[in-house]
Amino acid sequence: MSPTVLVCDDTMFMRNVISSVLSDAGYEIVGEAQNGAEAVERYTELKPDLVTMDIVMPDITGLEAVKEIARLDPSARILMCSAIDQQPLAQEAVEAGARAYVVKPFQPHQLLEAAKQALA
């Protein structure tokens, strides 16, 4: 059975890139979210095996969404996708409950390795 994934990013382009790389590798994309509030809501309803989460998003940031998801489900597997200048925030997200992070822009193999790490 393929791991299910919720892809959270405020840009459609990045959601499409992440979804494409993961689905080509056999993951099942079960939903998307374009802001942190929607990410928490979609996580609650879908209970995916993995969440990819951007840090900078409108309404509720990815960092706040990670904290809320981890509070609701301490076993949640979250992969942060962060731009290079946001690495300190990515580290803070890992401390808040994310299991791995990958720096944008990334190569497909980097995303897949980080996804594997988050699911381990």
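Refer to the preceding data block for the structure.
Our subject in this report is the structure included herewith. (Residues numbered from 1 in each chain as written. Predicted model: local features only at pLDDT ≥ 70, side-chain atom pairs only at ≥ 80, totals over all residues. Heavy atoms only, no water.)

### Side note on the packing of helix H1 (residues 12–24) against helix H5 (residues 108–119)
Then, in step 1: Their axes nearest at 10 Å, the elements H1 and H5 cross at an angle of 70°. Judged by the inter-axis angle, H1 sits roughly perpendicular to H5. Side by side, H1 and H5 meet where Ile-18, Val-21 and Leu-22 of the first sit next to Pro-108, Leu-111, Leu-112 and Ala-115 of the second.
Then, in step 2: Taken together, the residues that form the contact of H1 with H5 break down as seven nonpolar, no polar and no charged. (Axes fitted to C-alpha atoms, helices over the stretch in contact; angles between N-to-C directions. Helix = DSSP H or I, 4+ residues; strand = E, 2+ residues; numbered from the N terminus. Parallel < 35°, antiparallel > 145°, perpendicular 65-115°, else oblique. Contact = heavy atoms within 4.5 Å. Nonpolar A, V, L, I, M, F, W, Y, C, P; charged D, E, K, R; others polar.)

### Details of the pattern of salt bridges
Then, in step 1: The final tally for this structure, using the stated rule, is seven salt bridges.
Then, in step 2: Across the pair Glu-45 and Arg-42 runs a salt bridge whose closest N-O atoms are separated by 2.7 Å. Here the residue Glu-45 and the residue Arg-42 both occupy positions in helix H2 (residues 36–46), the gap between them amounting to three residues, near one helical turn.
Then, in step 3: Given a relative accessible area of 49%, Glu-45 falls into the partly exposed group.
Then, in step 4: Across the pair Glu-68 and Arg-71 runs a salt bridge, and its minimum N-O distance is 2.6 Å. Placement of the pair is Glu-68 and Arg-71 together in helix H3 (residues 62–72), with a separation of three residues, close to one helical turn.
Then, in step 5: Look at Arg-71 and you get exposed, because its relative accessible area is 56%.
Then, in step 6: A network of salt bridges, in which partner residues are shared, links Asp-9, Asp-54 and Lys-104. (Salt bridge = Lys/Arg side-chain N within 4 Å of Asp/Glu carboxyl O. Buried < 20%, exposed > 50% of the residue type's maximum accessible area, 1.4 Å probe, protein only.)

Nothing here speaks to function; it is all geometry.
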